[in-house]
Amino acid sequence: MPIKLPSFRQRRDTYPPDLWTQCPSCQEMLFNKQLEKVLRVCSNCGHHFRLSAAARLELLLDADTFEEHDPGLQSLDPLGFVDLKAYPDRVATAQATTGMRDAAVWGFGAIGGRPVAICVMDFSFMGGSMGSVVGEKVARSAEAALVRRIPLVIVSASGGARMQEGTLSLMQLVKTVAATERLHLAGVPLISVMSDPTTGGVFASFAALGDVNVAEPNALIGFAGARVSAGTIQGELPEGFQRSEFLFNHGFVDRVIHRSDLRDELAKLVALMAPMPAADAPNETGSIPAFRPLSFLSALADRVSPPESDEVVRG
């Protein structure tokens, strides 16, 4: 029996998924090894693919300077939430897939030789959703930057608050805003980097509160989805109204920066935005109580890392 050979078209349409990636913008097939070399940016149309937290840290920080803190934080299941899966099962699947404990990583590093605190979100972990752990890590990174008086860089990539934690996830908006506001009042700079996507409760809280807000090209940035927003005003919205270029043109974003230039631009910002000396900070700062007492702050002040543990965050 003769063997039927696949047609040329069939061969073209069958790409090994571990070797090639199709650009969602221009449909170009991209060789994965080459895509990694160009920082996961399409060489044909400039589409910026999403980055993992590890890749983002490697891109932005000086080599071998990252020191992670609180890697063992893990949320409970306060609501016993079940949709198609139980919440703990979803978390376990995301942990196995990404190798992360939750959707954010924070610690200390250096950019251009200058020390920074940094918190990076990873969209591949449950859509980068902000539950108790993510909110806690953002708040701790802000408090640590305040203690050490070094700039804080937050890279957002999130669909918003984590529905499986209900009101506890919404409480993270207040927690993170309070922590970043203390930075502002103390004269410690916050640089917010918004990648695709930065939406929902993350955008409605700390992501839009940087002293400088920058974004990657064509990143989706906004609070509610386009259909919800259009339905709210009962009218049509401009094309691309939630993309970084539109926000830049209307003053919501300070700069739109290509990924290949992002580290150099952040190095310039960190050099220019030196924290205000503690003695010159506004007097009001001292009258504002700490958001909540954290025993590890004194350890940070002495540059001693708190003991790592599988600490549980309840909200």
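Criteria and thresholds
- Sequence positions are assigned chain by chain, starting from 1 and proceeding in written order.
- Local features are withheld for residues below a pLDDT of 70 in this predicted model, meaning they are given only at 70 or higher, and side-chain atom pairs are given and counted only at 80 or more; totals for whole chains, interfaces and linings count all residues.
- Note: side-chain values were computed over all heavy atoms of the structure, leaving out hydrogens and water.
- Under the scheme used here, helices are H or I runs from DSSP no shorter than 4 residues and strands are E runs no shorter than 2 residues, and both carry numbers assigned from the N terminus.
- Burial classes: relative accessible area under 20% of the type maximum marks a residue as buried, over 50% as exposed, and values in between as partly exposed (1.4 Å probe, protein chains only).
- When checking whether two residues touch, look at their non-hydrogen atoms; a contact exists if any pair is within 4.5 Å.
- Throughout, the Shrake-Rupley method with a 1.4 Å probe supplies accessible areas, and for residues the shown protein chains are the sole cover considered.
- In what follows, salt bridge is the name for a side-chain nitrogen of Lys or Arg lying within 4 Å of a carboxyl oxygen of Asp or Glu.
- A cavity here means a set of 1 Å grid points, computed over protein atoms only, where a 1.4 Å probe fits but cannot escape. A pocket is an open set with protein on both sides within 12 Å along at least 5 of 7 lines, and lining residues have an atom within 4 Å of a point.
- Grid points are joined across faces, edges and corners, and a volume is the space filled by probe spheres set on the points.
- When residues are sorted by character, Ala, Val, Leu, Ile, Met, Phe, Trp, Tyr, Cys and Pro go into the nonpolar class, Asp, Glu, Lys and Arg into the charged class, and all the rest, Gly among them, into the polar class.
- In this scheme Phe, Tyr and Trp rings, the latter by its six-membered ring, pair at centre separations within 6.5 Å, and the angle between planes marks the pair as stacked below 30 degrees, edge-to-face above 60, and tilted otherwise.
- Axis definition: a line fitted to C-alpha atoms, limited for helices to the stretch in contact. Angles are taken between N-to-C directions and run from 0 to 180 degrees.
- Angle categories are assigned with fixed cut-offs, so that under 35 degrees is roughly parallel, over 145 is roughly antiparallel, 65 to 115 is roughly perpendicular, and the rest are oblique.

### Here we look at the overall build of the protein chain
Per the secondary structure count, the protein chain includes twelve helices and twelve strands. When each of the 315 residues of the protein chain is scored for burial, the buried share is 46%. Within the protein chain, contacts between residues separated by at least 24 positions form 71% of all contacts whose residues are at least 6 apart in sequence. Total accessible area computed for the protein chain in this model is approximately 16000 Å², and 57% of it derives from carbon and sulfur atoms.

### Description of the pattern of salt bridges
Pairing between side chains of opposite charge can happen when their charged atoms approach one another. The tally for this structure, following the rule as stated, stands at twelve salt bridges. Two residues, Arg 56 and Glu 216, come together in a salt bridge whose shortest N-O distance is 2.7 Å. Residue Arg 56 is located in helix α3 (residues 53-60), and its partner Glu 216 is located in the loop between β9 (212-215) and β10 (221-222); the two are separated by 160 residues in the primary sequence. Neither Arg 56 nor Glu 216 differs from the other in exposure class; each is buried. Among the ionic pairs, Arg 140 bridges to Glu 136, the shortest N-O distance being 2.8 Å. One end of the pair is Arg 140 and the other is Glu 136, both in helix α5 (residues 132-148) and four residues apart, which spans about a single turn. Of the two residues examined, Arg 140 and Glu 136, each falls in the buried class. Residues joined by salt bridges that share partners form a network here, namely Asp 70, Glu 136, Arg 140 and Lys 175.

### Here we look at empty space enclosed by the protein
Throughout the structure, instances matching the rule amount to one cavity of 30 Å³ or more. Taken as a whole, the largest cavity holds about 90 Å³ of empty space. Every residue lining the largest cavity is counted, 16 residues in all, and those nearest its centre are Arg 50, Leu 51, Arg 56, Ala 157 and Ser 195. Of the residues that constitute the lining of the largest cavity, the class distribution is eight nonpolar, three polar and five charged.

### Some thoughts on the layout of surface pockets
In this model, the largest pocket occupies a volume close to 220 Å³. Lining the largest pocket we find 17 residues, and of these Ala 53, Thr 98, Gly 99, Met 100 and Val 105 sit closest to its centre. Counting residues per element, the ones that place at least two in the lining of the largest pocket are α3, α4 (87-98) and β5 (104-111). Broken down by element, the lining of the largest pocket gets its largest block of residues, three residues, from α3. Of the residues in the lining of the largest pocket, the class split is seven nonpolar, five polar and five charged.

### Remarks on the packing of aromatic side chains
Think of a pair of aromatic rings as described by two things: how far the centres are apart, and how the planes are tilted against each other in angle. Tallied over the entire structure, the rule returns two aromatic pairs. Seen from their ring centres, Trp 20 and Phe 31 are 5.4 Å apart, and the 50° between their planes marks the pair as tilted. Separated by eleven residues along the polypeptide, Trp 20 in strand β1 (residues 20-22) and Phe 31 in strand β2 (residues 29-31) bring together distant segments of the chain. Residue classification places Trp 20 among the partly exposed positions, given a relative accessible area of 31%. Taking the relative accessible area as the measure of exposure, Phe 31 reaches 35% and is therefore partly exposed. Between the aromatic rings of Trp 106 and Phe 108, the centroid separation amounts to 5.4 Å while the plane-to-plane angle is 70°, which identifies the pairing as edge-to-face. Each member of the pair Trp 106 and Phe 108 is classed as buried.

### Quick look at the packing of α5 against helix α6 (residues 166-185)
Where α5 contacts α6, the axes come no closer than 9 Å and their chain directions differ by 10°. What the angle tells us is that α5 and α6 run roughly parallel. On α6, the residues that touch Ser 132, Gly 135, Glu 136, Val 138, Ala 139, Ala 142, Ala 145 and Leu 146 of α5 are Leu 168, Gln 172, Lys 175, Thr 176, Ala 179, Thr 180, Arg 182 and Leu 183. Counted by class, the contact of α5 with α6 contains eight nonpolar, five polar and three charged residues.

### Concerning the environment of Val 133
By secondary structure assignment, the location of Val 133 is in helix α5. A relative accessible area of 1% places Val 133 in the buried class. The spatial distance from the C-alpha of Val 133 to the C-alpha of Gln 74 is 6.1 Å, given a sequence separation of 59 residues.

Functional significance is not addressed by these values, which are geometric in nature.
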